[in-house]
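In case you want the letters, here they are:
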Amino acid sequence: NLNTVTPQLAFNSSDTRMLNLKSHYPKSTIDTGKLVEHSSFGKGRVLSVSGKGDSQKVVVEFIDMGKKDLLLKYANLKVI
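Residues numbered from 1 in each chain as written. Predicted model: local features only at pLDDT ≥ 70, side-chain atom pairs only at ≥ 80, totals over all residues. Heavy atoms only, no water.

**Student:** Give a description of the nonpolar core that names residues and reports values.
**Tutor:** Nonpolar side chains in soluble globular proteins tend to end up buried together. Counting residues in each nonpolar core, the largest one holds 10 residues, listed as Ile30, Val36, Val46, Val58, Val60, Phe62, Leu70, Leu72, Ala75 and Leu77. Ranked by residue count, the leading element in this core is strand β3 (residues 57-62), at three residues. For Leu77, the contacting residues outside a window of four places in its chain are Ile30, Val36, Glu37, His38, Val58, Val60, Phe62, Leu70 and Leu72. (Core = buried A, V, L, I, M, F, W, Y, C linked by side-chain atoms within 4.5 Å. Buried < 20%, exposed > 50% of the residue type's maximum accessible area, 1.4 Å probe, protein only. Helix = DSSP H or I, 4+ residues; strand = E, 2+ residues; numbered from the N terminus. Contact = heavy atoms within 4.5 Å.)

**Student:** An account of the packing of aromatic side chains is needed here, citing residue identities and associated values.
**Tutor:** Throughout the structure, instances matching the rule amount to one aromatic pair. Aromatic pair Phe41 and Phe62: ring centres 5.2 Å apart, planes at 55°, arrangement tilted. Within this pair, whereas Phe41 is found in the loop between β1 (35-38) and β2 (42-50), its partner Phe62 is found in strand β3, the two being separated by 21 residues in sequence. The lysine or arginine in question, Lys68, covers the ring of Phe41, its NZ or CZ lying 5.1 Å from the ring centre. (Phe/Tyr/Trp six-rings, centres within 6.5 Å; stacked < 30°, edge-to-face > 60°. Lys NZ or Arg CZ within 6 Å of the ring centre and 35° of its normal.)

**Student:** Break down the pairing of β2 for me, with residues and values.
**Tutor:** Sheet topology note: the β1/β2 ladder contains four bridges and is antiparallel. Residue pairing in the sheet places Val36 in a bridge with Gly44 of β2. Taking the residues that link successive antiparallel strands as the turn, the β1-β2 hairpin has three residues. Summarising the sheet, β2 and β3 pair through six bridges and their orientation is antiparallel. The residue bridging Arg45 from the neighbouring strand is Glu61, located in β3. Connecting β2 to the antiparallel partner β3 that follows it, the hairpin turn spans six residues, and Gly51 within it adopts a positive phi of roughly 85°. (Pairing = 2+ DSSP bridges.)

See the structure below:
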């Protein structure tokens, strides 16, 4: 006679392994054509997005500052 143990799934809010998903998915997706705002360069339109992960780059045409090539992970762009 074998005893069978059925595992139970439970979510504990202090379990950070479940909460770290947010670091892999941005709040707002930066796509070509979107209007964005940068704290120093002001408002602009995304011309292109290339690459993946930490090496993802974005080209933005800012109203007052012209075209800028930015590394997305450091750009701190806000979709508007």
